[in-house]
Amino acid sequence: MKTRFLFPYWCKYLGIVCFVVHIPIVLFQKQLGFDFSEASKAAGFWGSYHLFYMVTTLLMLTGLVLFAFSKEKIEDEQIAQLRMDSLQWAVYLSYILLIISLALTTNKRDAKDIMHLNVWVPLVIFIVLFRWKMFRNSRYTKEDAI
């Protein structure tokens with residue numbers, strides 16, 4: 001995997017900040033004054049509901065992408081291989097989950113929600129797999145050094 005397309009190391013922290021800022025905004029949207037009625041949901045593209053949804057989704061996705069595809073402090077061939085393997089497995093797993101969930105779906109609304117989930121699920125799976133492999137790799141190298 002070519003590392004020239006990765007973000008600089010400091011972008012990892014920017015991604016964490018974007019994602020962490022996104023969480024309380026979504027969780028406490030009613031307390032923050034973003035209580036959406038059916039009229040605002042039906043207002044269309046420039047309605048407050050759609051703009052809130054777009055801003056929070058972009059904030060979350062930007063944070064996940066920056067965190068997932070930022071360089072490590074030491075970026076070598078082994079980390080590049082771990083990154084590529086994790087990305088490959090994340091794509092496999094996310095498509096398996098997508099196929100299973102679409103096969104078990106009974107109405108259009110659920111299918112639409114599943115397709116929206118498929119935007120960020122591969123990123124989350126990739127991050128979890130890559131971090132787990134990095135953790136296991138660092139644990140093995142420490143044991144080998146002893």
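Residues numbered from 1 in each chain as written. Predicted model: local features only at pLDDT ≥ 70, side-chain atom pairs only at ≥ 80, totals over all residues. Heavy atoms only, no water.

Overview of the nonpolar core
Logical step 1: Ranked by internal contacts, the top residues of the largest apolar core, which has 17 residues, are Ala68, Phe69, Leu123, Phe126, Ile127 and Phe130.
Logical step 2: When residues of this core are traced back to their parent elements, those giving at least two are α3 (48–68), α4 (77–103) and α5 (108–145).
Logical step 3: Here the element with the most residues in this core is α5; it accounts for seven residues.
Logical step 4: Structurally, this core is a two-domain feature, drawing no fewer than three residues from each of domain 1 (1–72) and domain 2 (76–146).
Logical step 5: Not counting residues within four places of it along the chain, the set of residues in contact with Ala68 comprises Arg83, Leu123, Phe126 and Ile127. (Core = buried A, V, L, I, M, F, W, Y, C linked by side-chain atoms within 4.5 Å. Buried < 20%, exposed > 50% of the residue type's maximum accessible area, 1.4 Å probe, protein only. Helix = DSSP H or I, 4+ residues; strand = E, 2+ residues; numbered from the N terminus. Domains from an automatic or database assignment. Contact = heavy atoms within 4.5 Å.)

Quick notes on the packing of helix α1 (residues 11–27) against α3
Logical step 1: In contact at an axis separation of 7 Å, α1 and α3 are set at 150 degrees when each is read in the N-to-C sense. Classified by the interaxial angle, the pair formed by α1 and α3 is roughly antiparallel. Relative to α3, α1 is oriented so that their crossing is left-handed. For the pair α1 and α3, the contacting residues are Cys11, Lys12, Leu14, Gly15, Ile16, Cys18, Phe19, Val21, His22, Ile25 and Val26 in the first and Phe52, Thr56, Leu59, Met60, Gly63, Leu64, Leu66 and Phe67 in the second.
Logical step 2: Taken together, the residues of the contact of α1 with α3 break down into 14 nonpolar, four polar and one charged. (Axes fitted to C-alpha atoms, helices over the stretch in contact; angles between N-to-C directions. Parallel < 35°, antiparallel > 145°, perpendicular 65-115°, else oblique. Left-handed = near helix turned anticlockwise from the far one by under 90°. Nonpolar A, V, L, I, M, F, W, Y, C, P; charged D, E, K, R; others polar.)

A few points about the pattern of salt bridges
Logical step 1: A full pass over the atoms with the stated rule returns three salt bridges.
Logical step 2: Note that Glu72 and Lys12 form a salt bridge whose closest N and O atoms lie 3.0 Å from each other. Linking Glu72 in the loop between α3 and α4 with Lys12 in helix α1, this pair joins segments that are 60 residues apart in sequence. Like Lys12, Glu72 is buried.
Logical step 3: Across the pair Glu75 and Arg83 runs a salt bridge, and its minimum N-O distance is 3.2 Å.
Logical step 4: For Glu75, a relative accessible area of 22% puts it in the partly exposed group.
Logical step 5: Overall, Arg83 belongs to the buried group, its relative accessible area being 1%.
Logical step 6: Through salt bridges that share partners, Lys12, Glu72 and Arg131 make up one connected network. (Salt bridge = Lys/Arg side-chain N within 4 Å of Asp/Glu carboxyl O.)

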